[in-house]
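# Coordinates in review
Listed below, chain by chain, are the residues.
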Amino acid sequence: MVERTEYLNALISWKDEQVIKVITGIRRCGKSTLMLQYQDYLKTQGVSSDQIITVNFEELEYEELLDYKKLYVWLKERLSEGRITYIFLDEIQKVPQFEKVVDSLYVKPGIDLYITGSNAYMLSGDLATLLSGRYVEIKMLPLSFAEFQTLTKVEAEKGFAEYLKNGSLPYIAVMDRTSEKVDMYLEGIYNTVIVRDIEDRQVRRESDSAKRKITDIALLKTIARYLASVIGSPVSIRSITDYLVSGGRKISPNTVNDYVEVLVESFIFYPVDRFDIAGKQLLKANRKYYMVDLGIRNHILPRKNYDFGFSIENVVYFELLRRGYKVTMGKQGNAEVDFVAEKQGAYMYVQVTADMTAEETFERELRPLRAIRDNYEKIVLTMDQNTPGNYEGIQAIYLLDWLGNRESPSRLWKK
């Protein structure tokens, strides 16, 4: 069992607080395992087994409880009198109108409630209205490189090559990673995410009385492949539509937007907005999209060994999210900064490059950072081990050092 220490500690910190704990993330990123580990922790703290109620809605034995009224009655019958009952509802989005159950449980004393979901749509509509200010969302991602390396025990450079190729889903790290087995596993994950999450979304839309449905799986996969092929590049709904039309498909931007929204809600793609660094405001123009797992990306694209630079940029984006940053891409005059990472009002500006030994590349990466007039941290992350150092306050850091160590970046370049 892969222990996700940081997520486990997050749950522990919210134990017995009067808020609903909502764990979200792509399927197979470890949400169910995390809940089991947390239940084990509760037992070490003196919580008895009869105080813990667990329902996984993907298991056949709970099919009858997909009716929200039956679920509520079933849970009420199992509450512990005079003691806190810890309730865990796994993949709750499969229950139509589940928000009524969640809301009713929330107002009862002596209940500590935890729910998971593999679709961001579960936190929209009625549920968001009902639970406004009454829940915390723990956003779970697949393994970081540090976690992957700890599990696989593979030497850093070789391990990173595997991480880029096979991806970061927890089971990948502990399985026999032959190319055939990895490919078969990723095929199953990808199809499950695409098909099941559409089904779950349709259930939610029906309960919200919305009429628009996603029905064309082939179109959804085409859009997914296109977004996977352009990670790190600014795109718009119009440019995606034009790409599809150029291939002979008649489709409207509104329809494309709906399908992109599904891919984002299923936690496959994460959109990144543009940010005007000088004006400290978001811009409405093109976004970038990053893919939650590079293994899935490599699986669905027609050719392998895609653009190393954009692949490591993808890794950096998700590592910044793991470290608690809000991430945008920066606009500095006519230049772009790969990432503007903000946490509690402080900023960090990040460039990512595969190699900066060439003088032209070195200058290109540092130029937009030099143009930024504030005093927040500025770093360049690179796979080039020859140029790490401090260049007039801009720190160049070897990427694997940064991924493996969460110290202040200003200390890393000295190693």
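Let me sum up the structure you'll find in this document. (Residues numbered from 1 in each chain as written. Predicted model: local features only at pLDDT ≥ 70, side-chain atom pairs only at ≥ 80, totals over all residues. Heavy atoms only, no water.)

Here the focus is the pattern of salt bridges. Across all of its chains, the model carries 23 salt bridges by this definition. With its nearest N and O atoms 2.8 Å apart, the salt bridge here joins Lys15 to Asp16. Accessibility expressed as a relative area gives 23% for Lys15, which makes it partly exposed. Taking relative accessible area as the criterion, Asp16 reaches 29% and is therefore assigned partly exposed. Two residues, Arg274 and Glu336, come together in a salt bridge whose shortest N-O distance is 3.0 Å. Taken together, the positions of Arg274 in strand 6 (residues 269-276) and Glu336 in strand 9 (residues 335-343) put the pair 62 residues apart, joining distant regions of the chain. For Glu336, a relative accessible area of 35% gives the class partly exposed. (Salt bridge = Lys/Arg side-chain N within 4 Å of Asp/Glu carboxyl O. Buried < 20%, exposed > 50% of the residue type's maximum accessible area, 1.4 Å probe, protein only. Helix = DSSP H or I, 4+ residues; strand = E, 2+ residues; numbered from the N terminus.)

To continue, consider the pairing of strand 11 (residues 377-382). Of all 6 residues in strand 11, 5 are buried; the element is thus mostly enclosed. Relative to strand 13 (residues 394-398), strand 11 runs parallel, the two being bridged by 5 bridges. Residue pairing for strand 13: Lys378 is matched across the bridge by Ile394. (Pairing = 2+ DSSP bridges.)

What follows is about the packing of helix 7 (residues 156-166) against helix 14 (residues 308-322). Helix 14 packs onto helix 7 with a crossing angle of 90° between their chain directions and a minimal axis gap of 11 Å. With respect to each other, helix 7 and helix 14 are oriented roughly perpendicular. Of helix 14, the residues touching helix 7 (which contributes Phe160, Tyr163 and Leu164) are Phe308, Ser311, Ile312, Val315 and Arg322. Considering only residue class, the contact of helix 7 with helix 14 consists of 6 nonpolar, 1 polar and 1 charged. (Axes fitted to C-alpha atoms, helices over the stretch in contact; angles between N-to-C directions. Parallel < 35°, antiparallel > 145°, perpendicular 65-115°, else oblique. Contact = heavy atoms within 4.5 Å. Nonpolar A, V, L, I, M, F, W, Y, C, P; charged D, E, K, R; others polar.)

Rolled over the atoms, a probe with the dimensions of a water molecule shows which regions are left empty. In the structure shown here, the tally under the stated rule is 3 cavities of 30 Å³ or more. Considering only enclosed or pocket space, the largest cavity measures out at about 100 Å³ in volume. Element by element, the count of residues in the lining of the largest cavity is highest for helix 14, at 4 residues. Split by residue class, the lining of the largest cavity holds 6 nonpolar, 3 polar and 2 charged. Lining the second largest cavity are Glu17, Gln18, Val19, Ile20, Leu105, Tyr106, Ile111, Asp112 and Leu113. Secondary structure elements with two or more residues in the lining of the second largest cavity: helix 4 (98-106) and strand 4 (111-117). In terms of residues, the lining of the second largest cavity owes the most to one element, strand 4, which gives 3 residues. Residue composition of the lining of the second largest cavity, by class: 6 nonpolar, 1 polar and 2 charged. (1 Å grid on protein atoms, 1.4 Å probe; cavity = no way out; pocket = protein on both sides within 12 Å on 5 of 7 lines; lining within 4 Å. Points joined across faces, edges and corners; volume = space filled by probe spheres on them.)

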